[in-house]
Amino acid sequence: MKRLRGFCEWITYRSAQWLDIALLVAAFTGGALVVGAYVFRFHAWDIGNPEQWAHFGDFIGGVLNPLIGVITIVLVVMTLRATRLESSRTQDQMRGQVEILKNDQIRLDLQKRLDGVLAEWNRMMDQIADDKVQTRQVGFGNISRHTVREVLEDPHVIYTMRKLNKASPGMGEFVAPNWKDAFGNLLPLLSELDEYCRDYEAETQSRRLTKYYKSRVIVAVRALNAAGIMQGEIYKRLSYHH
């Protein structure tokens, strides 16, 4: 559609150029023909006194005025048409700019929401973890208290939790409730992050930015999944970001 419209505008522009040339040629040709006709018809008459020049001027004006009037009307119509075309083009450009600004604002708002969720996520991850989920309770010995981030992003946590749930079902049932009590408040935040990521991807048709946000939570998401407290589509979307 855009190519067809551009082609039509090019044809209109070229036609206007040729019409301008045709009008100029018609005006000069008409004037030359009128003068030539006068000379041919009245060449025997002497042109010298004011009265004879007045007759010559009346003849030229009487013959050329209709032609000039037609040319003037054509020029006015062309001017109005060009004005309407330019006005329509300007309106289209303005609508396009408004649409671009609107889309940019939507994307900016979504990115601000994602930044806000990530900031809240970092705040919660830097808090001291509950005593029930300190690493000494999942087989790493007595060590100092850790933050939520240190517990969830410990490289051995996923392996240990999966091993417990697979080899010792009773131990898995003991550990999972502790994790759900300690980290259950992270699940609504992850759900919100997933919603904003899907909205941003739908708006931009791109996953480039959302990959960054998912990469910031993916280790913790996999740990929560290993503990059995985060499952379903949200887990799949947040853990698969490549």
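Residues numbered from 1 in each chain as written. Predicted model: local features only at pLDDT ≥ 70, side-chain atom pairs only at ≥ 80, totals over all residues. Heavy atoms only, no water.

Another aspect to go through is a nonpolar patch on the surface. Together, Trp-18, Ile-21 and Val-25 make up an exposed nonpolar region whose accessible area comes to about 330 Å². With respect to the element layout, Ile-21 can be found in helix 1 (residues 2-42). (Patch = residues over 30% accessible without salt bridge, like charges linked within 9 Å, V, L, I, M, F, W, Y side chains within 5 Å. Areas by Shrake-Rupley, 256 points an atom, 1.4 Å probe, with all protein chains shown as cover. Salt bridge = Lys/Arg side-chain N within 4 Å of Asp/Glu carboxyl O. Helix = DSSP H or I, 4+ residues; strand = E, 2+ residues; numbered from the N terminus.)

Take the environment of Pro-155 next. Take Pro-155: it is sitting in the loop between helix 3 (148-152) and helix 4 (157-167). When the C-alpha positions of Pro-155 and Ala-223 are compared, they lie 9.4 Å apart, and in sequence the two are 68 residues distant.

Attention shifts here to helix 8 (residues 232-239). All of the buried residues in helix 8 are Tyr-235, Leu-238 and Ser-239. Along the axis of helix 8, the buried positions cluster into a sector of 90°, meaning they face one direction only. Taken together, the buried residues of helix 8 touch helix 6 (186-204) and helix 7 (208-226). (Buried < 20%, exposed > 50% of the residue type's maximum accessible area, 1.4 Å probe, protein only. Arc of directions from axis to C-beta. Contact = heavy atoms within 4.5 Å.)

Turning our attention to the side chain of Asn-225. Considering the arrangement of structural elements, one finds Asn-225 in helix 7. Taking the relative accessible area as the measure of exposure, Asn-225 reaches 14% and is therefore buried. At 2.9 Å, the side chain of Asn-225 and the backbone oxygen of Met-230 are in polar contact. (Polar contact = N/O pair within 3.5 Å; in protein donor to acceptor, adjacent residues only side chain to side chain.)

Turning our eyes to something else, we now look at the nonpolar core. Taken as a class, soluble globular proteins show a tendency for nonpolar side chains to be buried jointly. If you look at the biggest cluster of nonpolar residues, it comprises 33 residues, and the most contacted ones within it are Trp-121, Leu-152, Trp-179 and Phe-183. Going through the elements one at a time, helix 2 (50-125), helix 3, helix 5 (169-183), helix 6, helix 7 and helix 8 are the ones with two or more residues in this core. Apart from the residues lying within four places of it in its own chain, the contact partners of Trp-121 are Leu-186, Leu-189, Leu-190, Arg-216, Val-217 and Ala-220. (Core = buried A, V, L, I, M, F, W, Y, C linked by side-chain atoms within 4.5 Å.)

The next point concerns helix 7. Under the 1.5 Å per step criterion, the end-to-end length of helix 7 is 27 Å for 19 residues, consistent within 8% with the ideal 27 Å. If you check which residues of helix 7 are buried, you get Thr-210, Tyr-213, Lys-214, Val-217, Ile-218, Ala-220, Val-221, Ala-223, Leu-224, Asn-225 and Ala-226. (Expected span 1.5 Å × (residues − 1).)

Turning next to the pattern of salt bridges. Counting across every chain of the model gives 10 salt bridges. The salt bridge involving Arg-89 is made with Glu-86; its shortest N-O contact spans 3.6 Å. Remark: Glu-86 and Arg-89 occur in helix 2; sequence separation between them is three residues, near one turn of the helix. Classification of Arg-89 as partly exposed rests on a relative accessible area of 30%. Residue Glu-86 is classed as partly exposed on the basis of its relative accessible area of 43%. Measuring nitrogen to oxygen at the nearest pair gives 2.3 Å for the salt bridge that ties Arg-95 to Asp-92.

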